[in-house]
Each structure stands twice: as structure tokens, then as C-alpha cells.
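# Observations on the three-dimensional arrangement
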Amino acid sequence: MLSSILRIVHNKKVVPFVFLAPFMTIFLIFKVYPVILAVIMSFQNFQGVQSQEWVGLTNYQNVFNLVRFGQALTNTTVYTIGTLLILIPLPLILAVLLDSGRVAQSTLFRTLIFLPALTSLVVAGTVFRLILAEEGFLNLFLSSTLGIRPLRWLETADLALPSLILIATWRWTGINILYFNSGLVNIPRELYEAAVIDGASPFQMFWRITLPLLRPTTLFVVVLSIIGGYQVFVEPFILYTGGGGPGDGGLSMALLIYRTAFTSFNFGTAAAMGVILAAIIFVFSLIQFRFFGVFSKED
Amino acid sequence: MNKRLSLLLLVITLIGTFGVGLVHAQDATDLSLWVFVDRHGLFMQNQAERWNAENPDRPINLTYEQIDYTQMHDNLLASLLVGTGAPDLADVEIKKFATFTKGDIHFIPLDVAIDPYRGDIIESRLAPYTADGHNYGIDYHLGSFVMYYNTALLEAAGVDVDSIRTWDDYIEAGQKVTQDTDGDGTPDVYMASIETTDIFSAYALMLMMGGGTYNADGEISLDSPENIAALQFLQDMVHVSGIARAASGGGHHSPDHFVDLSEGKIASLWMPQWYMTRFPDNMSSVLADVAVVRPMPIFEEGGYTTTMGGGTGTAITDQIDPSKVDLASEFLAFAKLTYESNVSLWTDLGFDPMRVDVYDDPALLIEMSDFRGEIPFTYIKAGLGNVAPEYTGPFYPEIATIFQTTALYDLIENQKSPEEVIAAAVAELSAMGADVGG
């Protein structure tokens, strides 16, 4: 009996599945099943587990009727673009600098820049409230260096997204440096040596060697940033203690989904919004892949 | 031998069954409770001890679990939805309560348990936790609005705090108190700070004028003339008479607002009685020599003298063992509505009680060092002449969210007219499927 089981398990065709089983089980139960359930819920009037009825596309109609949906979508898109504009170039440059060997104590800097990723966001939220306060550190810094009049960061709708992007920069720069760094390590050093012999300037080397060869890493970071940007939830939730900030200037899609589900108790509409959000992220990722030539055969 | 063994087994079984049954009858009934404020849990445990002393034949064993505010409400909602995992009793905050009354209500009606006490309490306090004519929760406090003044700032401007009786008096005094001390063109001391990211400043005025989010018939009444007038009054305080400013950080609980209060930049604010605890807790008693509590100014003679703000109702979930329902309901009413418990609401929690007769108890009439050594409850009681009720309904949480995010921001920061602000709110509620009348 036991030997026959062992024989099956030891079969070369079966073994991979045996090893994959624990992961697949967890993946199916905690990832695939909720996704399928959310899609199903988005077509139902979901009020309690007992009373579900099929309502067709009503939930999707409700989403587009919601006054805040457009605002949340715009906010989230602006936030995502903002994070992309900062969180790709900045970590890239920092990673190249740290990798160049011209920075003393580069390991120390790397650790320091990575620290925010390990910090509790609840603590960070409180600290950032104090930094962003009218008489806080940021205003002090801006007025002493650039002579800018104190801004009411926490009380002005138009300053909500810049505040959130600031927190995102603080939080994600270190992690993105880590990604770029692993990409940099894989670039053969001979290329640089050859370039030096050919008389290339550091900028030329960066532009013609580093950037092109970092393309897979950059694509990876860009896609991750888009997904992260569109899913932003914790930052506004913590900074504005559960809300979207002044005038809902910091309202994100995920925050609106949460509000629809847990304040309005409308799980169907919330699920529909989740499906729409997933579709948006999917489309953007596809465009990215095309843009970076993942589907073409040249690589 | 075999027979004997069977007999022995039978006897053991019988003793086991009945014996355990007997012991069990004297055992306390276990009740579980979820709270998001630890002090609430401790208060309820103290009340359980008092219950056990008075009802030795029906003892209870109350255990509580404290979970963070948002998570507790989400967990409770999820547990009630899936039909398992909820505690016997749970605290539900006033802004969250209506969420739980949408669709099937998973709480047990408390009407019968509350009945014996109705004559003794300010009954309108039950309104926020009432749905379909049934009471589903009992609060921890009355939460009556009072005015907090910094007497040093008032006296410096030549204003006697006790001369302010009406809102007209308040604004007149405010014009003297609001001052640009450093001459840079903007006032450094304001008479009042008002909230733009929370509801208290606005709701108090709306309710005292006879408005509110819902009316007594359970209909949304946002566009009532009283609400428009109240919001206009609030806007005028900031932009016409200029005696008030938006609180730093948007709300009265923002850390930078506490700094403003401590540094003497704000001469007064109106908040519920429970805000008293913020003076020692959040401002280290630095205002102990200048802070006083006074009744709210009134709009007209014979009108409302105050209203209620905030709150947390304790409810019994439908997942409680049916045999425990009566005991739990009786205990809940005992813990929140008896004379002794209402004294404890003040002594243990620092909250203003729901029973009117308690306000003359020596335990409440104490001098408080945090408020210039005065007896705040004489003033709190003086304000309870005509308490404006607050009605709620299914969309109460959404209305609060609209006020906290856009409505008050548009009113104060963007200077939109109250009509415009209310119309936008009504349109948004309508898009969510609310019946907004008209």
C-alpha cells in the first residue's frame, strides 16, 4: 500500500505537482477563490450571505452614478502618475550612484533608505501629520530654503495628493533602489571597461549601457508602481484617519471601495468597483508590456 | 461481575450528568463583549460585578475584548453577515450604527429591558440607536454640547464669560476677543475654531436650530430651512463676522489644534461634554487656570438649549445563545440606566449621564482642578433645559462622510453657499439610492 503510494509520488510526472501542491492550495483558496467570488458578487445584490439575487449590470451602473467615482479615479490616476515620475528616476539615479563605488558608506545609506519599508505605517501617519502641519517641519524647510509662505498641507484639497506622493516617495524609494540594484549587478562589467577604452563619458555609459540593459528591471518596477499606485489605500487611510482628506482630495479608488462596502454596506457595488479597478490595472500593464517590447521577439 | 460493572457505570454517568448540571446552575453565565475603547470594557466589567452582588442567583461572567475602532466594526459587520463569530454584546459607534440596520437587523430589540427606566432618562438619547420603532442599543453617555471658554482671553478683551447667553452675545463678544496681536493683517486669536473635517461644529448648530440629518419620521431632511440657516450661520462666523477659523488640521482632535488651544490662540469652542477629558489627556492640563465649561448660547428664548453629539451604543447580537437573551438584556439596561451605573458613568468614565436625577448627586457636583476649580456639572445641568433630539436613519453614516469630506470643506474653505452645499449632498445621496424626498 505505502510502497504503491510512494511509487506514484516518485513518478517523475507526478513529483512536480506534489511539490507544487502546498503553494497551489493556498493560492487557490486565498487568491483565486476571492477573485472569482468578487466577480460573482459584482453581479449580485449582496446583502448578507442568505439573500443574494442576480441583478445583472446594476452594480456597474451604480458605480458610474456614484458622485465620487470620477473624483476617486482622477485622484488615483494623478497619484499613480506622480509616483511614477518620482519613483522611477529617483531610485534609479540613487541606485546607480550607490553602485558606482564613489559613495562612501554606501551600505549604510542603502540600509537607511530602505528603513521606511520596515516602519509601521500607523506610526508614519502620525509623524507625517506633524511634519505636514502648518507649523511643521515641511513648511519650516520650504520657507527657510525657498521662502515659500506656510501652506496648509493637511487642510487643503489640492495639497492632499502631493502629501500622499511625498509619503509614497519616503516609503518606496528604498525598495525600488533594491530592485534597480539587483538589475545593475547583472550588467557585465566588461561592457563598461570596453566603453572606457573607447573613451565614453560616464553619462554616455549610463545612457547607452546602463539604461538599455536595465530595461527588464525598469519594466518590472514600472508595472509594480502602477499596480501599487492604483491600489493605494493605506497612505490616505492613515494620514486622514480613515477618510479621503479635506474635500476628499485624497480619496483613492481603494478607499472608495472600502467606504462603499463597509460604510454603505453595499458589497455588490464595491465588488463591481474592484473589478473595474482590476481591469484598469490590467490594461495599463498590457500597454506597458507592449511599450517595452515584451511581446516582440527581438529580446 | 458484568452486571455490577454496568450498574457502576450507570451511577457514574448519572452523577456525572446531574452533578455537572447542578454545579453548572450555580456557574455564572458567560457573556462576551467587543469594545473599541478599553475603558468601556472595564466599566462594563465593574457593572457586572455590581450585578453579581445584587443578583447572586443569576451571576454573569463578562469578558471583553478591545479591538481597534475600524477593525472592530468591520469584524462585527463581517461576523454578522456570515452568521458566526460575533460576540454576545458589542459596542457600536453612533456613526456606524445605521450601517448595521441596513437589510436584516442582526441585533436583539431592547425595548422591554429599557421600559422600566424610560421615565428616568433623557429618552431622546435612544433615538440614534432606534430602527423600525425598536431600540437596539444603549449609549454610554448623554454627550450634551457645552461651550468651553478660555477666560484669560475673554477677560483680556473685557468680556465676562457669564454675560454670554445668546448667540448674538457670543458673536458680539467674539468681535472683541478676535484680535490681530502682531499686526500682520491676520488675527492671532480667534473666538472660535470650527471643524471642517468632522461633524460636531455643524451638527450642533443644525440640531439646536431644529434641523438635523433626519426628522422624527425617519426621513432625510438635509434641505430643511433650519439646516440651511445653521450652515449660513457657521459660514458667516468665519467669513462675515470673522470671529471663527477652521480648526488647524481640520478637526477638534487634530494634534495641531490642541497646540492652538494650549497656546491661547482659540478662545472658545463648542463640543460635547466628553471633550472635557481632552483638557487633561491631550493638553496636559495647561489650561487648568483659564478653562471653564458653560451652557451653549441659545438662538431664541424657549428654543433648544443644547443637543447631543457622538456616542457609542452597546447592542446584543443575534448570535447570542437564545437562553441568554433575557439575562443579557436585563444586565445591559442595569449597566447603563440604573442610578448607580449613571453615577459610575461619571466617576469611572468621565461622561455625562443619561438620567436627569443623577445630576444632583454629590459624586457629580465636585470641584475640578482642570476647570479653574469650578463645579462643571452645575453648568452642564443648567444647559439641559430643552435638549434637541438627534434622529438617524440608514444613510446617517453616508451623510456624516459627505459632511466630513466635501460639504463643510466647500462651505468654509471654498465659500460655497449652504444651498449649493446641501444640494450637492442631496444629489450624492440620491445617486446612492437614498430616498431624499422632493
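Please read these numbers as outputs of a predicted model, since none were measured by experiment.

Right, let's talk about the overall build of chain B for a bit. A count of helices and strands for chain B gives 16 helices and 14 strands. Per-residue burial over chain B gives 59% buried out of 438 residues. Look at the contacts in chain B between residues 6 or more apart in sequence, and 74% of them connect residues 24 or more apart. As displayed, chain B offers around 17,300 Å² of accessible surface, 52% of which is attributable to carbon and sulfur atoms. Computing the positive centroid from 22 side-chain charges and the negative centroid from 64, chain B places the two 7 Å apart.

On to a nonpolar patch on the surface, then. Side chains of Leu20, Phe23, Met24, Ile26, Phe27, Leu28, Ile29 and Phe30 of chain A sit close together on the surface and give an oily, nonpolar patch of about 790 Å² of accessible area. Within the secondary structure, Ile29 of chain A sits in helix 2 (residues 15-41).

On to the interface of chain B and chain A. Counting residues at the interface gives 30 residues for chain B and 30 residues for chain A. For the pair chain B and chain A, the summed buried surface comes to about 2,600 Å²; carbon and sulfur atoms form 54% of the total. On the chain B side of the interface with chain A, the three residues burying the most area are Leu81, Thr405 and Tyr409 of chain B, jointly 22% of the side's total. Applying the counting criterion to the chain B and chain A interface returns four salt bridges.

Attention shifts here to helix 5 (residues 89-99) of chain A. Residues and elements named next belong to chain A. For helix 5, every residue scored as buried is listed here: Pro91, Leu92, Ala95 and Leu98. Considered in projection along helix 5, the buried side chains sweep an arc of 135° and stay on one side of the axis. Buried residues in helix 5 make contact with helix 4 (67-87), helix 6 (106-114), helix 9 (160-185) and helix 11 (202-213). Directly after helix 5, the chain includes Gly101, whose backbone phi takes a positive value near 80°.

All right, on to the pairing of strand 11 (residues 291-294) of chain B then. Residue and element names in this part refer to chain B. Going residue by residue along strand 11, you find Ala291 and Val293 tucked away on one face and Val292 and Arg294 tucked away on the opposite face as well. Bridge count for strand 7 (residues 145-150) against strand 11 is four bridges, and the pairing is antiparallel. Looking across to strand 11, one finds that Asn150 is bridged to Ala291.

What follows concerns the pattern of salt bridges. All names here are of chain B. If you walk through the whole model with that rule in mind, you get 27 salt bridges over all chains. The closest approach of N and O atoms between Glu374 and Arg294, which form a salt bridge, is 2.9 Å. Highlighted residues: Glu374 in the loop between helix 13 (339-349) and helix 14 (376-382) and Arg294 in strand 11, separated in sequence by 80 residues. As far as burial versus exposure is concerned, Glu374 and Arg294 are alike and both buried. Put simply, Glu155, Asp162, Arg294, Arg372 and Glu374 are held in one network by salt bridges that share partners.

With that settled, consider the nonpolar core. Ranked by internal contacts, the top residues of the largest apolar core, which has 188 residues, are Tyr148, Trp167, Tyr170, Met191, Trp270, Phe331 and Phe403 of chain B. The residues contacting Trp167 of chain B, other than those within four sequence positions of it, are Met147, Leu205, Met208, Phe233, Met237, Trp270, Met296, Pro297, Ile298 and Phe299 of chain B. Counting 20 residues, the second largest nonpolar core, distinct from the first, contains Phe128, Ala168, Leu239 and Tyr240 of chain A.

Residue and element names in this part refer to chain B. Spatially, the five strands line up as an open sheet ordered 2-1-3-13-6, and their pairing is mixed. Because the sheet does not close on itself, it has two edges, and the strands there are strand 2 (60-66) and strand 6 (138-139). By the bridge criterion, two bridges tie strand 1 (residues 29-35) to strand 3 (residues 89-93) in an arrangement that is parallel. Across the sheet, Leu33 pairs through a bridge with Leu89, a residue of strand 3. Of the strands in this sheet, strand 1 and strand 3 touch helix 3 (residues 69-82), which is tilted by about 125° from strand 3.

Further remarks concern the packing of aromatic side chains. This structure, assessed with the given rule, holds 38 aromatic pairs over all chains. Plain terms: the ring middles of Phe237 of chain A and Tyr258 of chain A are 5.6 Å apart, the flat faces sit at 85° to each other, and that makes the pair edge-to-face. With Phe237 of chain A in helix 13 (residues 234-239) and Tyr258 of chain A in helix 14 (residues 253-262), this pair connects stretches of sequence that are 21 residues apart. Residue class for Phe237 of chain A comes out buried when judged on its relative accessible area of 18%. Plain terms: the ring middles of Tyr203 of chain B and Phe403 of chain B are 5.4 Å apart, the flat faces sit at 75° to each other, and that makes the pair edge-to-face. On the criterion of sequence distance, the pair formed by Tyr203 of chain B in helix 8 (residues 200-208) and Phe403 of chain B in helix 15 (residues 396-412) is long-range, its members being 200 residues apart. Linked through ring pairs, Tyr149, Trp167, Tyr170, Phe233, Trp270 and Phe299 of chain B together constitute an aromatic cluster.

Before going further, it helps to examine the domain arrangement of chain B. Residue and element names in this part refer to chain B. Taken domain by domain, chain B holds domain 1 (29-142 + 310-360) and domain 2 (145-307 + 366-431). Each of domain 1 and domain 2 has a C-alpha centre, and these two points are 29 Å apart. Every contact between the two is made by 20 residues of domain 1 and, on the other side, 25 residues of domain 2. Carbon and sulfur atoms make up 65% of the area that domain 1 and domain 2 hide from each other, which totals about 1,900 Å². The interface formed by domain 1 and domain 2 holds one salt bridge in total.

So, about the packing of helix 9 (residues 225-239) of chain B against helix 15 of chain B. Residues and elements named next belong to chain B. At a minimum axis distance of 9 Å, the contact between helix 9 and helix 15 shows a crossing angle of 55°. With respect to helix 15, the axis of helix 9 lies oblique. Judged by residue contacts, Leu231, Leu234, Gln235, Val238 and His239 of helix 9 engage Phe403, Leu408, Leu411 and Ile412 from helix 15. Among the residues making up the contact of helix 9 with helix 15, the classes are represented as seven nonpolar, two polar and no charged.

Right, let's talk about unusual backbone geometry for a bit. A positive phi angle is found at Asp132 of chain B, which is not glycine, with a value near 50°. Examined against the element boundaries, Asp132 of chain B turns out to sit in the loop between strand 4 (130-131) and strand 5 (134-135).

Let us look at the packing of helix 3 (residues 58-65) of chain A against helix 15 (residues 267-291) of chain A. Residues and elements named next belong to chain A. One can describe the packing of helix 3 onto helix 15 by two numbers: an axis separation of 8 Å at closest approach and a directional angle of 80°. It follows that helix 3 is roughly perpendicular to helix 15 by the angle criterion. In this structure, helix 3 uses Asn59, Tyr60, Asn62, Val63 and Phe64 to contact helix 15, whose residues at the interface are Gly268, Thr269, Ala272, Met273, Val275 and Ile276. Partitioned by chemical class, the residues of the contact of helix 3 with helix 15 number seven nonpolar, four polar and no charged.

It is worth spelling out the environment of Glu390 of chain B at this point. Residues and elements named next belong to chain B. By secondary structure assignment, the location of Glu390 is in the loop between strand 14 (387-388) and helix 15. Residue Glu390 is classed as buried on the basis of its relative accessible area of 3%. Taking the C-alpha atoms as reference, Glu390 lies 8.5 Å from Ala216; in sequence the two are 174 residues apart. Non-local contacts of Glu390, meaning those with residues more than four positions away in its chain, are made with Ile94, Ala127, Pro128, Tyr203, Leu207, Met308 and Tyr396. Among the polar contacts listed, one links the side chain of Glu390 to the side chain of Tyr396, at a separation of 2.7 Å.

Moving on: the environment of Tyr379 of chain B. Residues and elements named next belong to chain B. Among the secondary structure elements, Tyr379 is positioned in helix 14. Overall, Tyr379 belongs to the partly exposed group, its relative accessible area being 24%. Note: C-alpha distance between Tyr379 and Val146 (233 residues apart in sequence) is 8.6 Å. Apart from the residues lying within four places of it in its own chain, the contact partners of Tyr379 are Asp162, Val293, Arg294, Pro295 and Glu374. Only 3.5 Å separates the side chain of Tyr379 from the side chain of Arg294, close enough to count as a polar contact.

Reading guide: rules and limits
- Residues numbered from 1 in each chain as written.
- Chains lettered and ligands numbered in written order.
- Predicted model: local features only at pLDDT ≥ 70, side-chain atom pairs only at ≥ 80, totals over all residues.
- Heavy atoms only, no water.
- Helix = DSSP H or I, 4+ residues; strand = E, 2+ residues; numbered from the N terminus.
- Buried < 20%, exposed > 50% of the residue type's maximum accessible area, 1.4 Å probe, protein only.
- Contact = heavy atoms within 4.5 Å.
- Areas by Shrake-Rupley, 256 points an atom, 1.4 Å probe, with all protein chains shown as cover.
- Lys, Arg positive; Asp, Glu negative; His and termini not counted.
- Charge placed at Lys NZ, Arg CZ, Asp CG, Glu CD.
- Patch = residues over 30% accessible without salt bridge, like charges linked within 9 Å, V, L, I, M, F, W, Y side chains within 5 Å.
- Salt bridge = Lys/Arg side-chain N within 4 Å of Asp/Glu carboxyl O.
- Buried area = accessible area lost by both parts, 1.4 Å probe.
- Arc of directions from axis to C-beta.
- Pairing = 2+ DSSP bridges.
- Core = buried A, V, L, I, M, F, W, Y, C linked by side-chain atoms within 4.5 Å.
- Axes fitted to C-alpha atoms, helices over the stretch in contact; angles between N-to-C directions.
- Phe/Tyr/Trp six-rings, centres within 6.5 Å; stacked < 30°, edge-to-face > 60°.
- Domains from an automatic or database assignment.
- Parallel < 35°, antiparallel > 145°, perpendicular 65-115°, else oblique.
- Nonpolar A, V, L, I, M, F, W, Y, C, P; charged D, E, K, R; others polar.
- Polar contact = N/O pair within 3.5 Å; in protein donor to acceptor, adjacent residues only side chain to side chain.

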